[in-house]
Amino acid sequence: MKTRNLRDWTNRGGMGYAFFARVVAGLGRSLAALGVVLGLGLIANTAFAGDKVEQPIEFPHDIHAGKMGINCMYCHTYARRSRVSGIPPLRKCINCHTYIPSVRNKPRIKKLFQYWEEKKPIPFMKVHDLPDFVRFPHMRHIQRFYFELHRPVKEVCSYCHGDVENMTVDQKVKPLSMGWCISCHQKNHPLPKDPKILNGMRMIYPRMEMSTHPEQVVESMTGHGPNDCWQCHK
């Protein structure tokens, strides 16, 4: 049986090789254009450094964290024990503002109570959003810098979130790119030059790694700490 190439097959079917090639090329361009459109759509929904994200209620961080001096972890309770910092539930806002009649007639406070009366959560938009393949554990950074090194909580949060206590509405001011994160890791956790010491390094939090990822206990005991790729890409 004689083997036919693509040109013979298309000509035999009456399609014509040139026409078939144009169809394939056109399909390729269409898929490429679709990829660009989808990519631009994802980019459009991502907050870049300096972008202002419109919120249903403008939460004044400068008043709460700045003027009132409220600890960041009072509202973002999960930051010290979870991967995410969390958005405070509406009832926490109501518990405070119920006893502050002096601001009850302000538009944003009226809107706050409206959500409460309608039993609806406030649909806050995410400002500091990372790709799904990036793992950023808030608890590890809070435990390290706040509880172990005893640095002020506002300073610790500002490493990634900027000077929030002077912001009216939370705004992304740091790039949060891979290179930016690595530069911080290398600054705070420089690798030793001695390969023997390097190979014998323990993780900063071996107990946490053991309990969370028991299958990686051996690796965690000999890893490079926060400079390992799998720390952020698990």
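Residues numbered from 1 in each chain as written. Predicted model: local features only at pLDDT ≥ 70, side-chain atom pairs only at ≥ 80, totals over all residues. Heavy atoms only, no water.

Here we look at the nonpolar core
- Ranked by size, the top nonpolar core spans nine residues in total: Ile57, Leu90, Ile94, Val103, Ile109, Leu112, Phe113, Tyr115 and Ile122.
- Broken down by secondary-structure element, the contributors of at least two residues to this core are helix H5 (90–97) and helix H6 (107–117).
- Tallying contributions element by element places H6 first for this core, with four residues.
- Counting residues in hydrophobic clusters, the runner-up holds seven residues, among them Met73, Ile142, Phe145 and Cys157. (Core = buried A, V, L, I, M, F, W, Y, C linked by side-chain atoms within 4.5 Å. Buried < 20%, exposed > 50% of the residue type's maximum accessible area, 1.4 Å probe, protein only. Helix = DSSP H or I, 4+ residues; strand = E, 2+ residues; numbered from the N terminus.)

As for unusual backbone geometry
- If you check the backbone angles, His150 has positive phi at about 60 degrees while not being a glycine.
- As for its placement among the helices and strands, His150 is situated in the loop between helix H7 (138–148) and helix H8 (153–161).
- Judged by its relative accessible area of 64%, His150 falls in the exposed class.
- Phi is positive for Leu176, close to 55 degrees, though the residue is something other than glycine.
- Within the fold, Leu176 resides in the loop between H8 and helix H9 (178–188).

Re the packing of H5 against H6
- Running from N to C, H5 and H6 cross one another at 125 degrees; their axes reach a closest spacing of 10 Å. In terms of their interaxial angle, H5 and H6 are classed as oblique. The chirality of how H5 crosses H6 is left-handed. Facing H5, whose interface residues are Leu90, Arg91, Cys93, Ile94 and His97, H6 presents Ile109, Leu112, Phe113, Tyr115 and Trp116.
- Residues that form the contact of H5 with H6 fall into these classes: eight nonpolar, one polar and one charged. (Axes fitted to C-alpha atoms, helices over the stretch in contact; angles between N-to-C directions. Parallel < 35°, antiparallel > 145°, perpendicular 65-115°, else oblique. Left-handed = near helix turned anticlockwise from the far one by under 90°. Contact = heavy atoms within 4.5 Å. Nonpolar A, V, L, I, M, F, W, Y, C, P; charged D, E, K, R; others polar.)

Concerning the packing of H7 against H8
- Their axes nearest at 10 Å, the elements H7 and H8 cross at an angle of 135 degrees. For the element pair H7 / H8, the angle class is oblique. The handedness of the crossing between H7 and H8 is right-handed. Packed against H7, whose contacting residues are His138, His141, Ile142, Phe145 and Tyr146, the element H8 presents Val153, Val156, Tyr159 and His161 at the interface.
- Taken together, the residues of the contact of H7 with H8 sort by class into six nonpolar, three polar and no charged.

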